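# Secondary and tertiary structure notes
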Amino acid sequence: MASTYLPDKRSTPDTGRPPPPPVAAGRTRRRVLHWLTAVGFQVPALVLFGTLVLLPMLFALYAAFFRWGGFGMPDDFIGGDNFTRLFQDPVFIGDLWRCLVLVGLSLLLQLPFALALAVALNQKIRGRAVYRMLFFAPYILSEAITGVLFSMIFAPGDGLADHLLGAVGLDGLGGQWFADPSTVMATLFLVMTWKYFGFHMMLYLAGLQSIPAELTEAALIDGAGPWQRFRSVTLPLLAPTLRISVFLSVIGAIQLFDLVWIVTAGGPDHHSETMAVTMFQYGFKRYQVGYASAISVVIFGISLVFALAYQRFVLRRDLEGATTTMRGGGA
């Protein structure tokens, strides 16, 4: 008996193919749901970033091309005159020079000092947890507290620093400290070192503790001395942490503001002024907001160029290793 063909009721009239199985449809729905969930979590952050970061940056770039006092909307367009004036301003040129000085001192003195302390506190010494806490404590203090504290310590004549020097017969070394153009940058760098070296020390400690002890023990068995072990084992394995520390130190020096403003306000006679302090002076003290916006654009440009160049030529190997590890883990 000939069989009768009964068409599948699930077939579509156009193609005659059955619809996707329920399992595939469920996977599609879950994928869409996950995507919508991810977007839902990201939208608030993107809105906040756009409102509080991106829009002010774009408006600062826009205002940099106007002569504007900060009231109303910018309407006196002057083109690039603010930027031309900027690089002819001896105060701003001095800011660039002082920035380079702070960067150099940080790399040559502050970071090696923090590294030496980290290496010492990584050893099995009595009370090392207490020492770590004491050395890290200055970083916890706010810049405002630090500034007021050292303004009192280095107060001319009546400060703790002058009293201590006088007690040991070195009162001739005391002086104006922050009030003397010849000593203000050195004193300011001393305060910066006290404030920030603990942060870099903790970074180095974290890096040192991630180095396998077997490598150091193997070098010790091979007869390597302390300096050889540090140079051939510890330092190469600590290199990624050192590179991050250098990056943070340089960016911090470029954007330094609050500590300088509280301690010296850029004085005496601009000898401790930084780019951010100059921007604040023109924007909020002299109401030359267009010129201050040009300074902010230059600060951002310097930071961006340095960050991109540093990532391209210094952090490239670290980032490639991280990317490879993530891909390998995902596989």
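Structure's up top.
Residues numbered from 1 in each chain as written. Predicted model: local features only at pLDDT ≥ 70, side-chain atom pairs only at ≥ 80, totals over all residues. Heavy atoms only, no water.

### A few points about the overall build of the protein
The test is simple: Under the DSSP-based scheme used, a helix requires at least four consecutive residues in state H or I and a strand at least two consecutive residues in state E, with every element numbered from the N terminus. Between buried and exposed lies partly exposed: a residue is buried under 20% and exposed over 50% of the maximum accessible area for its type, with that area taken using a 1.4 Å probe on protein chains only. Between two residues, a contact is recorded if the distance between any of their heavy atoms is within 4.5 Å. For the accessible areas, the method is Shrake-Rupley and the probe is 1.4 Å, while residue cover comes only from the protein chains on display.
Looking only at helices and strands, the protein features 13 helices and zero strands. Across the 331 residues in the protein, those meeting the buried criterion constitute 34%. Restricting the contact set of the protein to residue pairs at least 6 apart, pairs at least 24 apart contribute 64%. Of the roughly 20900 Å² of accessible surface on the protein, a fraction of 68% belongs to carbon and sulfur atoms.

### Let's talk about the environment of Pro181
By the element assignment, Pro181 lies in the loop between helix H6 (160-167) and helix H7 (184-209). Along the chain, Pro181 and Asp269 lie 88 residues apart, while their C-alpha atoms are 7.8 Å from each other. Once residues within four sequence positions are removed from consideration, Pro181 is found in contact with Pro268 and His271.

### Notes on the pattern of salt bridges
Between side chains of opposite charge, a pair can form as their charged atoms come close. Just so we agree on the cut-off: Salt bridges are defined by distance alone: a side-chain nitrogen of Lys or Arg within 4 Å of a carboxyl oxygen of Asp or Glu.
Taken as a whole, this structure holds three salt bridges when the rule is applied. Where Asp95 meets Arg98, a salt bridge forms, and the shortest distance between an N and an O atom there is 2.7 Å. Taken as a pair, Asp95 and Arg98 lie in helix H3 (residues 90-121) at a separation of three residues, close to a single helical turn. Arg98 shares its class with Asp95; the two are buried.

### Let's talk about the side chain of Asp95
Judged by relative accessible area, which is 0%, Asp95 ranks as buried. When neighbours within four sequence positions are excluded, Asp95 is seen to be in contact with Glu273, Thr274, Met275 and Thr278.

### Notes on a positive patch on the surface
Rules: Residues enter a patch when their relative accessible area is above 30% and they make no salt bridge; the linking distance is 9 Å between like charges and 5 Å between nonpolar side chains (Val, Leu, Ile, Met, Phe, Trp, Tyr). Working convention for charge: Lys and Arg count positive, Asp and Glu count negative, and His plus the chain ends are omitted. Charge placement uses NZ in Lys and CZ in Arg. For Asp and Glu, CG and CD serve respectively.
Among the surface-exposed residues, Arg27, Arg29, Arg30 and Arg31 lie close enough to one another that they form a single positively charged patch. Here Arg29 lies in helix H1 (residues 22-63).

### Topic: the nonpolar core
Which entries qualify depends on this criterion: Residues grouped as a nonpolar core are buried Ala, Val, Leu, Ile, Met, Phe, Trp, Tyr and Cys residues, joined through side-chain atoms within 4.5 Å.
By size, the foremost hydrophobic cluster in this structure holds 38 residues, and its most contacted members are Leu102, Phe154, Met192 and Ile295. Discounting chain neighbours no more than four positions away, the residues touching Ile295 are Leu86, Phe92, Met275, Thr278, Met279 and Tyr282. One finds Leu111, Met201, Leu205 and Leu238 within the second-largest nonpolar core, a separate group that totals 15 residues.

### Describing the packing of aromatic side chains
Rules: Each Phe, Tyr or Trp ring (for Trp, its six-membered ring) is paired with any other whose centre lies within 6.5 Å, and the angle between the two planes then decides the class: stacked below 30 degrees, edge-to-face above 60, tilted in between.
A full pass over the atoms with the stated rule returns 25 aromatic pairs. Between Phe136 and Tyr139, the ring centres sit 5.7 Å apart and the planes meet at 40°, which makes this aromatic pair tilted. Here Phe136 and its partner Tyr139 are both found in helix H4 (residues 128-140), three residues apart, which amounts to about one turn of the helix. Residue class for Tyr139 comes out partly exposed when judged on its relative accessible area of 30%. With a centroid separation of 4.7 Å and 65° between ring planes, the pair formed by Trp261 and Phe280 is classed as edge-to-face. Here Phe280 lies in helix H11 (residues 275-285) and Trp261 lies in helix H10 (residues 258-263), a separation of 19 residues in the sequence. Given the relative accessible area of 23%, Trp261 is considered partly exposed. Overall, the relative accessible area of 22% leaves Phe280 in the partly exposed class.

### Re the side chain of Thr234
Within the secondary structure, Thr234 is located in helix H9 (residues 226-254). Residue classification places Thr234 among the buried residues on the basis of a relative accessible area of 14%. Setting aside anything within four residues of it in sequence, one finds Thr234 in contact with Leu208, Ile211 and Arg229.

### Points about the packing of H3 against H7
Our working definition: Whenever a helix is involved, its axis is fitted only over the stretch in contact; in every case the axis is a line through C-alpha atoms, and angles between N-to-C directions fall within 0 to 180 degrees. Note on angle classes: values under 35 degrees are labelled roughly parallel, values over 145 roughly antiparallel, values of 65 to 115 roughly perpendicular, and the remainder oblique. By definition, turning the near helix anticlockwise from the far helix through less than a right angle yields a left-handed crossing, and turning it clockwise yields a right-handed one. Here the term charged refers only to Asp, Glu, Lys and Arg, the term nonpolar to Ala, Val, Leu, Ile, Met, Phe, Trp, Tyr, Cys and Pro, and the term polar to all other amino acids, Gly among them.
Close contact between H3 and H7 brings their axes to 7 Å; oriented N to C, the two are set at 45°. Comparing their axes, H7 and H3 come out oblique. Two packed elements cross with a definite hand, and for H3 against H7 that hand is right-handed. A per-class count over the contact of H3 with H7 returns 20 nonpolar, four polar and one charged.

### Description of a nonpolar patch on the surface
Where nonpolar side chains cluster on the molecular surface, the patch consists of Leu48, Phe49, Leu52, Val53, Leu54, Leu55, Met57, Leu58, Phe300, Leu304 and Leu308 and spans about 1000 Å² of accessible area. Those elements giving two or more residues to the nonpolar patch turn out to be H1 and helix H12 (289-313). Relative to the elements of secondary structure, Leu304 occurs in helix H12.

### Overview of the packing of helix H5 (residues 143-153) against H7
With their axes 11 Å apart at the nearest point, H5 and H7 run at an angle of 140° to one another. When the axes of H5 and H7 are compared, the pair comes out oblique. Read as a crossing pair, H5 and H7 show a hand that is right-handed. On the side of H5, the interface is formed by Glu143, Thr146, Leu149 and Phe150, while H7 contributes Val191, Trp194, Lys195 and Tyr196.

### Structural notes on H9
Stated precisely, the cut-off is as follows: The span expected for a helix works out to 1.5 Å for each residue beyond the first. Note that the bend at a residue is defined as the angle between axes fitted to the seven residues ending at it and the seven residues starting at it.
Over its 29 residues, H9 runs only 36 Å from end to end, short of the ideal 42 Å by more than 12%, given 1.5 Å per residue. The sharpest bend along H9 measures roughly 55° and falls at Ala239, with the proline Pro240 sitting one to four residues further on.

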